[in-house]
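A structural walkthrough
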Amino acid sequence: THQFHPSDALDHSFLRMIQQSKPKSGTSYPCTLSFTRNRCSSGFLQHRKAAQPSFGIDWATRHIAAISRYKSMKLSVSMFAVFCSAARVAAFAPGAMTRTAASSSVLANAGFQAAKPVMTRWMATVAPEAEAVDEVIELPTNEDDDLLRIRHSSAHVMAMAVQKIFPEAQVTIGPWIDNGFYYDFYFPETTDPDTGDKIEARKLSDADLKKIKKEMDKIISKGYPITREEVSREEAERRIKEINEPFKMEILEGLQEPITIYHIGDEWWDLCAGPHVESTNKIPRKAVQLQSVAGAYWRGDENREMLQRIYATAWKEPDQLKQYKKLLEEAKKRDHRMLGKKLDLFSIQEDAGGGLVFWHPKGSKVRKMIEDFWKDAHEDGGYDVVYTPHIANLNLWKTSGHFDFYRSDMFDQMDVENEAYQIKPMNCPFHCLMYKDELRSYRDLPIRWAELGTVYRYERSGTLHGLMRVRGFTQDDAHIYCLPEQLEDEIIGVLDLTEKILTRFGFDKYDIMLSTRPEKAVGSDEIWEAATTALEGALKRKGWEYAVDEGGGAFYGPKIDLKIRDAIGRNSFL
């Protein structure tokens, strides 16, 4: 009898014994493994390579079957761990197979057909999160014109409510965002009219948000018409000075004519290009919720005024708000900062500085598995893996154009023997140096180089967020050197590789954007046109639908952006 400790999971020696075993033909023994759910699952994952090179349903089938046939080991405990392991390993199976279906396949092929009814019941009790994710309703986006109008008008109504309750508040900007809108307000110091004493600038609280929402509901219920007016620049300046709104004056300076103003009845107005609903009662007040208050610098400049930003969400129907709140609850369960600490995967050590990630032993194992998969996928795709330094002479970054176009996101330089050196924000110039290091023939092309390159970028402390916004990170980076006539085929190869990696991690829903030449860019019109045409051609050959983001490209070239959707419907750009 082999004794297991919960921390052992499936240890290496046990798996080796299973692999080396030779059960009698036709003999089958029921098997059980007495570990906790998580440890057993992690054991299968941790020893996947030691146990069997392949990974997925076939692997799980062979090893669970091997366990069941291993005669010399008298195992008799609960089937619980086998089900856990089957479910966890099967979850990595490629294709559209659900976890339950994959688990059934694993257990059935391993000779556990009789256990299927039990397994199904177990799946129903231990995986409620998975079932909840399957039931996620796809919420509308800002591409829905009606929803966009609701959000934009809700922002104006909120600003009007704030200034009704707090007359000293000055409005700045209030755009719509992915799941709602926000508005930035400036609260200056005021003077007590009776005593003449200075009163500190107001800091909005949760109680204030409730007051604001209550006032919004009143405005909405009154059904004020929302109307558009075109005015001259001089007239706009006159009106802004009349109500003493200096931030609006700055906004006006950056606007091109015609200057448009939107009014809520005769009581409130703001500079705005629209669009809006026809009247405030077109806003479903029960589908609007104020969420939080945060600080933000005017124009993103820490040397300017500190503003207070109210975040809110708005939808077309109350049921959509309910679904969105459910997604927020699911997101809290999946907050990577909380999970990273709870599972002892990584940490941010403030003594070392914000935005710098420390990978703990358990997190490092996960990272190594991902990196090994990344390396194998790239080598299978014809890439060679390279490694480059972390710093270089500043002249390299001037030559590449990064210093001119990207300086604000780079750390300050360091002095090395009276020469300026730069810690790298990108890997691109290093690969180009390697390529030009020798004379090459067209017969050598295409050359594909890939690197997991660690880069460092300056981020303000207020923008840092777990692993999502950091100052040092390792990125999947690659450069392909090819002939012009090879360009489109190579792009298709990149898209195929991207699809392969994303789908392996469960990202099978994504939106595609073709981002074109920005206002500030390097290179000739001919090169930009050829590159953009190649990207378009590759997308069409792939049969992928895409939208065009005019001016959204990098300074050195156009690009294809993928917005992935996670298990609970959140979108993120890659």
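Residue positions are given per chain, counted from 1 along the sequence in the order it is written. Given that the model is predicted, a residue must reach a pLDDT of at least 70 before its local features are reported, and side-chain atom pairs must reach 80 or more before they are shown or counted; all residues, however, enter totals for whole chains, interfaces and linings. With hydrogens and water excluded, all non-hydrogen atoms of the structure serve as input to the side-chain values.

**Re the pattern of salt bridges**
Every case where a carboxyl oxygen of Asp or Glu lies within 4 Å of a side-chain nitrogen of Lys or Arg is listed as a salt bridge. If you walk through the whole model with that rule in mind, you get 31 salt bridges. A salt bridge links Arg239 to Glu235, with the shortest nitrogen-to-oxygen separation between them at 2.8 Å. Separated by four residues within a single helix, Arg239 and Glu235 lie in helix H11 (residues 233–243), roughly one turn from each other. The closest approach of N and O atoms between Glu459 and Arg469, which form a salt bridge, is 3.1 Å. With a gap of 10 residues between them, Glu459 in the loop between strand S17 (447–456) and strand S18 (472–481) and Arg469 in the loop between S17 and S18 connect regions that are remote in the sequence. When accessible area is computed with a 1.4 Å probe and restricted to protein chains, residues below 20% of their type maximum are described as buried, those above 50% as exposed, and intermediate ones as partly exposed. Owing to a relative accessible area of 16%, Glu459 belongs among the buried residues under this scheme. By relative accessible area, Arg469 is classed as partly exposed at 38%. Each helix corresponds to a stretch of at least 4 residues labelled H or I by DSSP, and each strand to a stretch of at least 2 residues labelled E; elements are numbered beginning at the N terminus.

**As for the sheet that holds S17**
Whether two strands pair depends on DSSP finding at least two bridges between them. Here we have three strands laid out as an open sheet, ordered S13-S17-S18, and mixed in their pairing. Taken across any chain shown, the strands that pair with only one partner, and hence form the sheet edges, are strand S13 (384–385) and S18. Here S17 runs beside S18; their pairing, made up of 10 bridges, is antiparallel. Residue pairing in the sheet places Ile447 in a bridge with Tyr481 of S18.

**Describing the side chain of Asn142**
With respect to the helices and strands, the residue Asn142 is situated in the loop between helix H8 (128–134) and helix H9 (145–165). For Asn142, a relative accessible area of 18% corresponds to the buried category. Each polar contact in these results corresponds to two N or O atoms within 3.5 Å; when the atoms are within protein, one needs to be able to donate a hydrogen and the other to accept it, and residues that are neighboring in sequence are counted only if both atoms are side-chain atoms. Reaching out from Asn142, the side chain makes a polar contact with the side chain of Arg151 at a distance of 2.7 Å. Note on definitions: a residue-residue contact is assigned when non-hydrogen atoms from the two residues lie within 4.5 Å. Ignoring anything within four residues of it in the chain, the contact list for Asn142 reads Leu148, Arg151, Trp176, Ile177 and Asp178.

**Quick look at the packing of H9 against helix H10 (residues 206–222)**
Angles here are taken between N-to-C directions and fall from 0 to 180 degrees, while the axes themselves are lines fitted to C-alpha atoms, restricted in helices to the stretch in contact. At a minimum axis separation of 8 Å, H9 and H10 run at an interaxial angle of 115°. Crossing geometry of H9 relative to H10 is assigned as right-handed. The segment H9 lies against H10, with Ser154, Val157, Met158, Met160, Ala161, Val162, Lys164 and Ile165 engaging Lys211, Ile212, Glu215, Met216, Ile219 and Ile220. For the contact of H9 with H10, the per-class residue count stands at 10 nonpolar, one polar and three charged. For any helix crossing, the convention is left-handed if the near helix is rotated counterclockwise from the far helix by under a right angle, and right-handed if that rotation is clockwise. Here the nonpolar group is Ala, Val, Leu, Ile, Met, Phe, Trp, Tyr, Cys and Pro; Asp, Glu, Lys and Arg are the charged ones; every other residue, Gly included, is treated as polar.

**What about the layout of surface pockets?**
Grid points spaced at 1 Å and placed over the protein atoms alone form the basis of the search, with a cavity being a set where a 1.4 Å probe fits but cannot get out and a pocket an open set showing protein on both sides within 12 Å along at least five of seven lines. Lining residues have an atom within 4 Å of a point. Grid points are joined across faces, edges and corners, and a volume is the space filled by probe spheres set on the points. Volume-wise, the second largest pocket comes out at about 340 Å³. The wall of the second largest pocket is formed by 18 residues, among which His152, Ile251, Leu271, Cys272 and Ala273 lie closest to the centre. Mapped onto the lining of the second largest pocket, the elements with two or more residues apiece are H9, strand S7 (259–264) and strand S8 (268–271). Considering only residue class, the lining of the second largest pocket consists of 10 nonpolar, seven polar and one charged.

**Focus: the confidence of the model for the protein**
Should the pLDDT be low somewhere, the predicted coordinates at that spot are not to be read in detail. A score between 0 and 100, pLDDT records how confident the predictor is in each residue. Chain-level pLDDT for the protein is 79 on average; 76% of the residues reach the 70-or-more range. Here residues 1–134 is a poorly scored stretch, pLDDT under 50, and it has 168 contacts once near neighbours within four places are set aside; other chains count.

**Remarks on the packing of aromatic side chains**
Think of it this way: a Phe, Tyr or Trp ring, Trp meaning its six-membered ring, pairs with another when their centres are within 6.5 Å, and the plane angle makes it stacked under 30 degrees, edge-to-face over 60, tilted otherwise. Across all of its chains, the model carries 15 aromatic pairs by this definition. Taking the centre distance of 6.0 Å and the plane angle of 55° together, the rings of Phe346 and Trp359 count as tilted. Of the two residues, Phe346 sits in strand S11 (residues 346–348) while Trp359 sits in strand S12 (residues 357–359), which places them 13 residues apart along the sequence. Look at Phe346 and you get buried, because its relative accessible area is 9%. Relative to Tyr458, the ring of Phe411 has its centre 6.1 Å away and its plane inclined at 80°; by these criteria the two rings are edge-to-face.

**Here's the deal with the nonpolar core**
Proteins that are soluble and globular tend to have nonpolar side chains buried together. Put simply, buried Ala, Val, Leu, Ile, Met, Phe, Trp, Tyr and Cys residues joined by side-chain atoms within 4.5 Å make one nonpolar core. Membership of the largest hydrophobic core comes to 34 residues, with the highest contact counts inside it found for Met158, Val162, Phe185 and Ile212. Setting aside chain neighbours within four positions, we find Phe185 in contact with Met158, Ala159, Val162, Gln170, Val171, Thr172, Leu307, Gln308 and Ile310. Tyr510, Ala534, Trp544 and Leu562 belong to the second-largest nonpolar core, a separate cluster that totals 15 residues.

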